[in-house]
Amino acid sequence: MIHLSSFILCLAGFAALAFAMDRPQHDLFGRSLPAPATAALRVGGAVSLLGALGLLVAWQGWGLGLVMFSGHTSLGAGLVHGALIVQRRWVARPN
């Protein structure tokens, strides 16, 4: 259950960090979000990733916890990146 919780935190963190960038904002919302919203997404993403790190380190210690965190962040970042690519291609697809 800790793996799932940590992975969901990593996925949410990277999604928030992705939504805090200009290009995904334009692709998804058609405009840039206000500066306070972008800052909140950045802080929320960082807090989510730190929460996942804290959860794994508390569970397995620094050695294995950091290794697990590396795996969870890699998978989370890859899924968010892939989802953004699929969304971009889906929108650009001719009907």
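Please refer to the structure higher up on the page.
These figures come from a predicted structure and were not determined experimentally. (Residues numbered from 1 in each chain as written. Predicted model: local features only at pLDDT ≥ 70, side-chain atom pairs only at ≥ 80, totals over all residues. Heavy atoms only, no water.)

Considerations on the side chain of Thr38
Point 1. Note on placement: Thr38 falls in helix H3 (residues 35-92).
Point 2. At 3.2 Å, the side chain of Thr38 and the side chain of Gln25 are in polar contact.
Point 3. Among all residues touching Thr38, those that are not within four sequence positions of it are Ala20, Gln25 and Leu33. (Helix = DSSP H or I, 4+ residues; strand = E, 2+ residues; numbered from the N terminus. Polar contact = N/O pair within 3.5 Å; in protein donor to acceptor, adjacent residues only side chain to side chain. Contact = heavy atoms within 4.5 Å.)

Observations regarding the packing of aromatic side chains
Point 1. Counted by the stated rule, this structure contains 1 aromatic pair.
Point 2. Ring geometry for Phe19 and Phe29: centres 6.3 Å apart, planes at 65 degrees, overall edge-to-face. Highlighted residues: Phe19 in helix H1 (residues 2-19) and Phe29 in helix H2 (residues 22-29), separated in sequence by 10 residues.
Point 3. We classify Phe19 as partly exposed; its relative accessible area is 30%. (Phe/Tyr/Trp six-rings, centres within 6.5 Å; stacked < 30°, edge-to-face > 60°. Buried < 20%, exposed > 50% of the residue type's maximum accessible area, 1.4 Å probe, protein only.)

Thoughts on the environment of Gly65
Point 1. Along the chain, Gly65 falls in helix H3.
Point 2. Here Gly65 falls in the buried class, since its relative accessible area comes to 0%.
Point 3. Distance in space between the C-alpha atoms of Gly65 and Ala12 is 19 Å, their sequence separation being 53 residues.

Comments concerning the pattern of salt bridges
Opposite charge on two side chains permits pairing when their charged atoms draw close.
Point 1. The tally for this structure, following the rule as stated, stands at 1 salt bridge.
Point 2. In this structure, Asp27 engages Arg88 in a salt bridge whose closest nitrogen and oxygen atoms are separated by 2.6 Å. With Asp27 in helix H2 and Arg88 in helix H3, this residue pair connects regions lying 61 residues apart in the sequence.
Point 3. Residue classification places Asp27 among the partly exposed residues on the basis of a relative accessible area of 26%.
Point 4. The class of Arg88 is partly exposed, set by a relative accessible area of 41%. (Salt bridge = Lys/Arg side-chain N within 4 Å of Asp/Glu carboxyl O.)

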